[in-house]
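Residues per chain, in single letters:
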Amino acid sequence: MNTILVVAEHRRGEVRPVTLELISAAQQLKTAADDRVLLAIVGQEAESLASQLQWAGVDEIIACKTGSAEFEPELAEQAVSALIVSRKPIAVLLPHSVDTLGYATAVAVKGGYGYATDVFKLGYDTGALVATRGGYNQKVNVEVDFPGFACVVMTVRGGAFKPVETAGAPMLTVDDRSELTARSRPLEFIEQGGGGDIDITTVEFIMSIGRGIGEEANVEDFRELADNIDATLCCSRPIADAGWLPKSRQVGQSGKVVSACKLYVAMGISGSIQHMAGMKHVNTIIAVNTDPGASIFTIAKYGIVADIFEIHEELQAQLA
Amino acid sequence: MSPQRFLSKSESLVPMTAQALVAHVLESGDFYAAAAVHAIADAKQRQRLEERLFSSRRDVLMLARWEHTPANVLDALARLEHMPLARRVVKHRNTGGSTLKHQFSQSEDPALTGLLALHPNTPAPLLLQIAMGDHDQVVLKGLARNPSAQPEVLRLLAQRFPKRFDKEIASHTAVPADLLGTLYHRGDKFVRAAVLAHKHVPEVLVQQAAKSSETLILRALVKHPQLPAALVETLSQHKDNAIRSALATRADLPLTLTARLALDECDSVRRAVACRTDLPPALMQLLAEDHDPWVRQWLGRNPMVGKQVLQKLALDIHEDVRRAVARNPNCPITLLEKLASDHRSWVRAAVAYQPNVTSCLMASLARDSAVDVLSGVAANPHTAPALLKRLVFSEELDVRRGVIMNPAAGPEVLLPLLQDPYYLHRVLLASSPKLSDQDKWQLRDDPDARVRFALFQWLAGRALRPVADRYFYRRKA
Amino acid sequence: MKIVVAVKQVAALDEDFEIRADGLDVEEDFLMYDLNEWDDYSLEEAMKIKEAAAEGAVEVIAVSVGPERVDESLRKCLAKGADRAIRVWDDAMEGSDAVTIGRILAGVVKKEAPAMVFAGVQSSDQANAATGMAIAATLDWPHAAVVAELDYQPGANSARIKRELEGGLLQAVEIDCPAVLTLQLGINKPRYASLRGIKQAAAKPIEHWALADIGLDAAQVGATAALSRVRRMEIPVKGRAQMIEGTIAEQAARLIEIIKEYKGETA
């Protein structure tokens, strides 16, 4: 009988949805009917948060009570490490998130466990656990295994596994760890944005224009379109240099890296190295360009070969 | 810093001839400079440059994908053997037609045809050959999307594969009128709409489409320059917002309809009306009160809007409306002066970038702390040279770049920027016609390869031109 | 006091590269090396602290693990104002994973005894996001990841930071020092090295440390000490964008659909 340990993530009293993806990822690591999936949740309110974890595929919920309501890396690390020692899982699944970036490595290093981060595929090959992650800025897939490790800690990429949808009724165990101490203290949460100019490093939906825009009135046309679809209009350097958009809207090497962006609509941006430096990491890039061989299409998820002004007109018509 | 003093730093004079320039590069062994001067080298020199450029596999691979690699270097690369270069060269946007043709005839890689079909420099006969012989649907679809595809290519595709590529062909700018007719008659509503929106659409199709009740068709039709007045009148009552919006942009819209559309319940219709240059004063007054800020913004930018309305809009609570006024080409100077002290920096920046300002106003804006405003001052030709000389030392690189972009900034202002920490600024100056070649020559040992490349590319360009740099001769004398 | 900034020379790839014959890595000729993007920000943060303090009060040390080519990236750090640069290398370190690199860097930190250690959140090539935290784990120091704002007085026994969480949320945290922090892009505005700085950096020495200098032996580094092993590397089939076909009206309609799908997902 193997044990797979999943660690739930929560913030401000809510279990984060990525937890449900981990539960279904854990099912893929089961090799026998009696394999068990444990779901741990760490924090002061762990016990009451457990009510949000009633999902099928979980055999037991372990509420690790600590002295901090919100995430603290050393408390999380110690609580999870103690569970690994007592429950001896073959695999520990954590979300690849800002919180786990702060403690997953410490769990693996201090315990001497196998370790891989940002994993998007899991499986076995002739009995050996195999994890797949991206390499060279996601240009290659890298398969790794963990010979000689009885336990493997992995952080799993969000969106890689379908979230569990069926409810269940796992048993609940309380693990009191309130004696643990830490050397950092979480304070308040702060919402970004609001007031003053928009900080494009924090916005999630961006429409961007480049040199091909031609004149200032066209910039305004696209600003109006961006407004209509609730996107933030950004630009490449020549547009900001002309004073047509604020410098704070410039994406790229001499501008900003849009680190929080999830959807980026690149209008007529050919994809100079300068500009791509600020946005190539964005998960969903939609590129519109008249040149079907433009380099922007090599990093885009969707491509549209078309004139940006025609697309603009058509979008406005369909949104009117 | 005077140009003379700056020059005294330079130990050597810029090479005068192409041959001397290449000789300098060969001696320095500079890889990027070698790529830049390849085009102007004689056969013997070229061979030595290529020895330098192609000495390692690593360098060769890098050159084949570097965005600045010149066409002639790509051509030389394409002829190297035993290198996985064909795809890189054929993908490269600088690769010339003859190189592409050579690749097509030499390589056995089946993926190349698809890449050639997409390349803007692929020679016309080659595109035609692909259109005639190829069967790969992906390749042919790419070909139909290639902006360089000529009418014969499109015709051939439409003939060989009826309907298959009609959508791509109908969207192509080069499609001739008769082919549009064919596409229209065999097409679905999407193809028909694309045909009607095409600038080559035959008049007879427009007549036919006028009887249609399909929204998509009417949307395309309403943009056509020649429409019967009756149809314009009917469409102004159409329930589709996009149709009325497009109608509101028509130059031939009668005033009565303009007045009606100015009251349209759809925002985008009134926005279109606000852009019209034939608005009577009463309608301008009306639109200036519109609840939609975009209507007021478009009105604020409208060059025909009078002083009074502008004055009203300059007090708008919405910052973008006030900015629109400051960007209006006919915004009076008194109003610009007021907007120059707006509490929002993006409004003040609009004034700083205005071409119709006084150097006095620029001097006061130069005391601003916002980078957008200062960049505008730096880029404004009305800014006094003394002020520009100060802005050259701004902490903000955007402001310094503003000076580089300023059409009135002379060499005495720009010279210190040859030492700018930001490489891009040195790249821009290396190819600026405002500095003499001798001034730029100090960039020859620049730590950044992109700067050296830009310099040598500029100098190579000069060497190709018949008249040598005048400044240089003056120095020599 | 000292601040150690851990930096990495990353490898970038273009399209049309090839996998090595053994299938375990990309062929070396296709890799283009540069300083990790995140490191510009970590170095800048250290420089800001140095420049705000009295002259000579703060020493900034850039440290990297790697072969000779890494000197070029360290030279860049020196040009931007780092006081010293240390490159650690031994052939036995070949094949080290992020955790092992962290162990090596921790060896340097032990020797230099800085008041702060900065590293980038992740590297732009392998993106393990583990090296900085591996330093902290090896040393058992307080640590925080994805720091977007730092308020720290040199020598203070605690610092206030803001962590950048998902969805544009920040969390303020107080942390005991010395600590290891991984810094996020955008925490500051990195400078460009002045031409004078570049010239001076060319003359500055780069210290080369070997295994013995950090008190580790060959068994503690390299592929054998790693917490995972590469079995295979392959190029995923999808490469280019999925093209949205049809006429302009159909393309625009699909674009709106994608935007709506996106909004639905994040609602």
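For the structure, see preceding data.
Residues numbered from 1 in each chain as written. Chains lettered and ligands numbered in written order. Predicted model: local features only at pLDDT ≥ 70, side-chain atom pairs only at ≥ 80, totals over all residues. Heavy atoms only, no water.

**Overview of the overall build of chain C**
Within chain C, the regular secondary structure consists of six helices and 13 strands. The proportion of buried residues among the 267 residues of chain C is 55%. Considering only intrachain contacts with a sequence separation of at least 6, the fraction spanning at least 24 residues in chain C is 70%. Carbon together with sulfur atoms contributes 49% to the accessible area of chain C, which is approximately 10800 Å² in total. (Helix = DSSP H or I, 4+ residues; strand = E, 2+ residues; numbered from the N terminus. Buried < 20%, exposed > 50% of the residue type's maximum accessible area, 1.4 Å probe, protein only. Contact = heavy atoms within 4.5 Å. Areas by Shrake-Rupley, 256 points an atom, 1.4 Å probe, with all protein chains shown as cover.)

**Examining the interface of chain A and chain C**
Residue-level contacts link 81 residues of chain A with 78 residues of chain C. Between chain A and chain C, the buried area comes to about 7200 Å², and carbon and sulfur atoms account for 57% of it. Our count for the chain A to chain C interface comes out at 14 salt bridges. Measuring nitrogen to oxygen at the nearest pair gives 3.5 Å for the salt bridge that ties glutamate 143 of chain A to arginine 231 of chain C. Here the element with the most residues in the side of chain A that touches chain C is strand β12 (residues 184–191) of chain A; it accounts for eight residues. Tallied by class, residues from the side of chain A that touches chain C come to 38 nonpolar, 18 polar and 25 charged. Of the pairings in the sheet, the one linking strand β9 (residues 140–145) of chain A to strand β12 (residues 229–234) of chain C comprises five bridges and is antiparallel in character. Residue pairing in the sheet places asparagine 141 of chain A in a bridge with glutamate 234 of chain C of β12 of chain C. (Buried area = accessible area lost by both parts, 1.4 Å probe. Salt bridge = Lys/Arg side-chain N within 4 Å of Asp/Glu carboxyl O. Nonpolar A, V, L, I, M, F, W, Y, C, P; charged D, E, K, R; others polar. Pairing = 2+ DSSP bridges.)

**A few points about the packing of aromatic side chains**
The geometry of two aromatic rings is summed up by the distance between their centres and the angle between their planes. Residue and element names in this part refer to chain B. Under the definition given, this model contains 11 aromatic pairs over all chains. Centroid distance tyrosine 32 to tryptophan 66: 5.2 Å. Interplanar angle 75°. Geometry classified as edge-to-face. Taken together, the positions of tyrosine 32 in helix α3 (residues 31–37) and tryptophan 66 in the loop between α5 (57–65) and α6 (71–78) put the pair 34 residues apart, joining distant regions of the chain. Residue tyrosine 32 is classed as partly exposed on the basis of its relative accessible area, which comes to 22%. Under the relative-accessibility criterion, tryptophan 66 is labelled buried at 8%. Aromatic side chains tryptophan 66 and phenylalanine 453 sit 4.7 Å apart centroid to centroid with 75° between the ring planes, which places their arrangement in the edge-to-face category. (Phe/Tyr/Trp six-rings, centres within 6.5 Å; stacked < 30°, edge-to-face > 60°.)

**Details of the environment of alanine 156 of chain C**
Residues and elements named next belong to chain C. Of note, alanine 156 is situated in the loop between β7 (143–151) and β8 (158–164). For alanine 156, a relative accessible area of 27% translates into the label partly exposed. Remark: the alpha-carbon pair of alanine 156 and proline 178, spanning 22 residues in sequence, is separated by 8.7 Å.

**Observations concerning the interface of chain A and chain B**
Opposite the 36 residues of chain A that make contact, chain B presents 35 residues. Approximately 3000 Å² of surface area, both sides summed, lies buried where chain A meets chain B, with 46% of it carried by carbon and sulfur atoms. Across the contact surface, chain A and chain B share nine salt bridges. Arginine 327 of chain B is paired through a salt bridge with glutamate 216 of chain A; the nearest N and O atoms lie 2.8 Å apart. Taken together, the links from chain A to chain B amount to 14 residue pairs in polar contact (both at pLDDT 80 or more). Counting only elements with at least two residues in the side of chain A that touches chain B, the list comes to α6 (216–228), α7 (237–241), α8 (273–276) and α9 (308–319) of chain A. With eight residues, α6 of chain A is the largest single contributor of residues to the side of chain A that touches chain B. (Polar contact = N/O pair within 3.5 Å; in protein donor to acceptor, adjacent residues only side chain to side chain.)

**Details of the pattern of salt bridges**
In this structure the tally under the stated criterion is 88 salt bridges over all chains. Between arginine 301 of chain B and glutamate 216 of chain A there is a salt bridge whose closest N-O contact spans 3.2 Å. Taken together, the positions of arginine 301 of chain B in helix α23 (residues 293–301) and glutamate 216 of chain A in helix α6 put the pair across two chains. There is no split in this pair, since arginine 301 of chain B and glutamate 216 of chain A are both buried. Ionic pairing is found between aspartate 40 of chain C and lysine 80 of chain C, a salt bridge with its closest N-O pair at 3.1 Å. Of this pair, aspartate 40 of chain C sits in helix α1 (residues 37–52) while lysine 80 of chain C is found in the loop between α2 (71–79) and β5 (84–88), placing the two residues 40 residues apart along the sequence. Lysine 80 of chain C matches aspartate 40 of chain C in its accessibility class, with the two residues each being buried.

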